[in-house]
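Observations on chain architecture
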Amino acid sequence: MTQGGRGRISITQQHSITQQQARRSTPHQLSTTMRLTPLNLRSMYLVNNQRPKNGRRATRVPFPFNGCLPLQLRDSVSGKSEKLQSNPCVQEMFVMFSCFKKNDFDQALCSKEIQTFEACHLNHLTNEKRKKEQERRGVMVPGEKRLAHKQLNHLLGRYKQPV
Amino acid sequence: MATGVRVLFNDFRVPLRSWLTVNSAWGQVTGRARYSQYPPAYIKPVYLPAKLEELERSGDAKQLEYTPVRAAYNTHTSSVFHDPLVRKFTNHIMKTGNKCLARELVEKAFQEVKRVQLQKRNTAETEEEKEAIVCDPLKIFKQAVENGRPVLQLVPIKRGGVKYQVPVPITDHRSYFISMRWLKEAGREKERTIHFPEKLARELLAAARNEGRVVKKKQDLHRQCEANRAYAHYRWS
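Residues numbered from 1 in each chain as written. Chains lettered and ligands numbered in written order. Predicted model: local features only at pLDDT ≥ 70, side-chain atom pairs only at ≥ 80, totals over all residues. Heavy atoms only, no water.

A few words now on the pairing of strand E2 (residues 162-169) of chain B. Here is the key point about a regular strand: its side chains alternate between the two faces of the sheet. Residues and elements named next belong to chain B. Where strand E1 (residues 152-159) meets E2, 8 bridges bridge the pair, whose relative direction is antiparallel. Residue pairing for E2: Leu-154 is matched across the bridge by Pro-167. Counted along the chain from E1 to the antiparallel partner E2, the turn is 2 residues long, and its residue Gly-160 has a positive phi close to 65°. (Pairing = 2+ DSSP bridges. Helix = DSSP H or I, 4+ residues; strand = E, 2+ residues; numbered from the N terminus.)

Here you go:
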């Protein structure tokens with residue numbers, strides 16, 4: 001009987017040992033040599049009568065694919081990854097910074113740059129608000145490259161997966 | 001105003017922006033409030049006489065005749081002495097609902113500002129100098145708040161266990177709030193013998209001249225934003 005690493009006996013060996021023990025059915029021998037940890041009879045190694053290749057005990061007991069979740073795409077998309085916190089108006093900000101550095105952070109001399117930066121930010125806010133309102137109402141602009149999750153769900157809801 | 005004085009303030013460099021023309025939902029009559037004891041159909045009361053006249057002129061008053069109105073705040077008066085920015089500032093200074101004390105402090109601070117400016121004006125020699133000195137504490141307060149407003153803010157974003165201070169654009173409301181907060185904090189600094197109204201008056205006058213702690217804080221913030229400009233480029237997801 002061959003042995004695995006670290007003096008431990010492989011699963012198949014243990015299985016055969018218990019079977020032998022069961023056949024002999026002597027209580028004294030069972031108590032000394034019987035396996036104390038439970039066996040997973042659905043283990044790949046037992047099912048296919050294989051041994052692990054690396055000679056080590058598998059960290060996770062392998063099991064056949066059981067498919068807990070349905071093998072089907074969902075009718076909705078999650079909006080969790082949508083909120084990309086991008087920094088708007090970076091270009092205007094940098095122009096403003098360069099002006100600040102030149103004039104030693106004197107705001108009065110950089111009024112134009114500050115105004116363009118604020119206008120860009122305001123524009124960004126109004127766009128966001130408009131988009132959010134559109135999303136809420138489910139209005140979609142034809143030819144838009146990126147749709148929000150609510151809009152996508154509206155479209156997907158029209159063509160649902162067959163049950 | 002004399003014809004010789006073209007600019008209202010000779011000392012103040014940042015131009016004044018009307019508090020009421022700030023693009024915000026505060027000036028609007030209707031508007032969706034997130035959490036309100038009123039249903040969305042209820043409109044905010046219009047208490048400023050100028051706005052009421054405007055509504056009547058444009059014809060919107062007819063439409064709003066039979067719309068339900070929310071209850072008005074006690075502090076929203078159509079008095080000549082009412083100013084929304086001062087109201088905001090008083091509320092910010094107020095602690096544990098002591099509006100009486102907050103109002104007294106602000107009024108005392110304004111009195112002190114007027115005293116100082118009147119003294120300056122009376123000691124001035126030429127007529128031009130006298131004209132140039134602004135004695136209206138309200139104007140000085142508004143100018144001080146404007147001069148203390150930051151243009152952008154630092155937002156802490158945590159990534160990989162490290163908190164990065166990212167420079168980000170700021171909304172008008174927040175900039176006004178930060179300016180008023182800095183004024184209040186400057187008025188609360190050490191010097192136990194000098195009380196809050198006097199300190200606040202000093203800070204208001206200094207900020208209106210683009211000097212003092214508040215303006216220094218604003219410039220320090222701008223400097224730090226400029227130093228951290230590299231972080232602005234990242235797409236923080």
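This paragraph deals with the environment of B:Phe177. Residues and elements named next belong to chain B. Tracing the backbone shows Phe-177 in helix H7 (residues 172-187). In this structure Phe-177 comes out as partly exposed when scored by relative accessible area, which is 31%. Residues Phe-177 and Pro-156, 21 residues apart in the sequence, show an inter-C-alpha distance of 19 Å. (Buried < 20%, exposed > 50% of the residue type's maximum accessible area, 1.4 Å probe, protein only.)

At the interface, 25 residues of chain A touch 27 residues of chain B. Both sides of the chain A and chain B interface together cover about 2400 Å² of buried area, and 61% of this is carbon and sulfur. Viewed at the interface, chain B and chain A are joined by 2 salt bridges. Close ionic contact of A:Lys101 with B:Glu226 constitutes a salt bridge, the shortest N to O distance being 3.9 Å. Between the two partners, chain A and chain B, sit 1 residue pair in polar contact (both at pLDDT 80 or more). (Contact = heavy atoms within 4.5 Å. Buried area = accessible area lost by both parts, 1.4 Å probe. Salt bridge = Lys/Arg side-chain N within 4 Å of Asp/Glu carboxyl O. Polar contact = N/O pair within 3.5 Å; in protein donor to acceptor, adjacent residues only side chain to side chain.)

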